[in-house]
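A closer look at the structure
One-letter residues, chain by chain:
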Amino acid sequence: MKLNSLCSVIIIHLFVLQCLSVVCRSQDFDFFYFVQQWPGAYCDTKRSCCYPRTGKPAADFGIHGLWPNYKDGGYPSDCDPDARFDKSEISDLIPTMEKEWPTLSCPSNDGIKFWTHEWTKHGTCSESELDQRQYFEAAIALKRKANLLHALTDAGIKPNDEFYKMEEIRDAIKEGVGYTPGIECNVDQSGNSQIYQVYLCVDTSGSDFIECPLLPRARCGSSIQFPKF
């Protein structure tokens, strides 16, 4: 094989590999789970919690993440090692994120580690639709669309350590948001089943809620505590 021909073959091969790499990094997915968590349940466990450096968050559901998923129950993760979290791209969003997407992990911190994890593990798998800034903007916009606490309190379900039927909680959220939620519970040190996380499904654009193709397993009791925070 002549040198020029060999070089051409090598260049084409490298180009194909590069294209495949891009495809792998921007995997297709079927929908997002938009996940919010109740801080009272997060903190009411053996591991406890730590408030952010900005102080105790408001007694409201906070964003956990926006997670690409497949209809078969699987999900992509850590799709693009080259797409590192860049704080400068969202610097103007940080005050909002501290309010809407607070961290409760210990030791007390500013949230950057939490947001970095969410972007690296989940956000990079949505790059075919959303860049880093768009990813965080989408989650914030969804949080404002789905006011879970308002939906629950409107139905008389309040964070007062009382117990409510699972069906009542699910129905109240569906009435308030318009779509059926997935509800995840934790168990506190007394063995009580508590409302912990609420899953709503979102289309691949990250803009609109949809009915979930697949709901996560509830693992909740028939009666669920809504703990104070």
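Below is a short write-up of the structure. Since this is a predicted model, take the numbers as computed values, not measurements.

**Observations concerning unusual backbone geometry**
Here the amide bond leading from Cys106 into Pro107 is cis, since omega sits at -5°, within 30 degrees of zero. Mapped onto the secondary structure, Pro107 falls in the loop between helix H3 (94-100) and helix H4 (112-121). Its identity as a non-glycine residue notwithstanding, Asp78 has a phi of 50°, on the positive side. Residue position: Asp78 is located in the loop between strand E2 (62-69) and H3. With relative accessibility at 47%, the residue Asp78 sits in the partly exposed group. Its identity is not glycine, yet Asp161 carries a phi of approximately 70°, on the positive side. Within the secondary structure, Asp161 is located in the loop between helix H6 (148-154) and strand E3 (163-165). Taking relative accessible area as the criterion, Asp161 reaches 32% and is therefore assigned partly exposed.

**A look at the packing of aromatic side chains**
Inspection of the entire model under this criterion finds 13 aromatic pairs. Judged by centre distance (4.9 Å) and plane angle (65°), the rings of Trp38 and Phe226 are edge-to-face. With a gap of 188 residues between them, Trp38 in the loop between strand E1 (31-37) and helix H2 (39-43) and Phe226 in the segment after strand E7 (223-225) connect regions that are remote in the sequence. Accessibility classification places Trp38 together with Phe226 in one group, the buried group. A connected cluster of aromatic rings, assembled from ring pairs, spans Phe85, Trp101, Trp119, Tyr135 and Phe136. Over the ring of Tyr42 we find Arg47; its NZ or CZ atom is 4.4 Å from the centre of that ring. Over the ring of Phe229 we find Lys56, and its NZ or CZ is 4.7 Å from the ring centre.

**Quick word on helix H7 (residues 166-177)**
Between its first and last C-alpha atoms H7 spans 17 Å; for 12 residues at 1.5 Å apiece the expected length is 16 Å, and the two agree. On its buried face, H7 sits against H6, E3, strand E4 (182-187), strand E5 (193-202), strand E6 (209-210) and E7.

**As for the state of the cysteines**
Across all of its chains, the model carries five disulfides by this definition. Covalently, Cys50 is tied to Cys106 through a disulfide, its sulfur atoms 2.1 Å apart. Looking down the S-S bond of the Cys50 and Cys106 bridge, the torsion is 105°, so its handedness is right-handed. One end of the pair, Cys50, is in the loop between H2 and E2; the other, Cys106, is in the loop between H3 and H4, with 56 residues separating them in the sequence. Since its relative accessible area comes to 45%, Cys106 is described here as partly exposed. Between the sulfur atoms of Cys185 and its disulfide mate Cys220 the distance is 2.0 Å. The chirality of the disulfide connecting Cys185 with Cys220 is right-handed, given an S-S dihedral of about 100°. Here Cys185 is found in strand E4, whereas its partner Cys220 is found in the loop between E6 and E7, with 35 residues between them in sequence. Look at Cys185 and you get buried, because its relative accessible area is 10%.

Cut-off values and rules
- Residues numbered from 1 in each chain as written.
- Predicted model: local features only at pLDDT ≥ 70, side-chain atom pairs only at ≥ 80, totals over all residues.
- Heavy atoms only, no water.
- Helix = DSSP H or I, 4+ residues; strand = E, 2+ residues; numbered from the N terminus.
- Buried < 20%, exposed > 50% of the residue type's maximum accessible area, 1.4 Å probe, protein only.
- Phe/Tyr/Trp six-rings, centres within 6.5 Å; stacked < 30°, edge-to-face > 60°.
- Lys NZ or Arg CZ within 6 Å of the ring centre and 35° of its normal.
- Expected span 1.5 Å × (residues − 1).
- Contact = heavy atoms within 4.5 Å.
- Disulfide = S-S within 2.5 Å.

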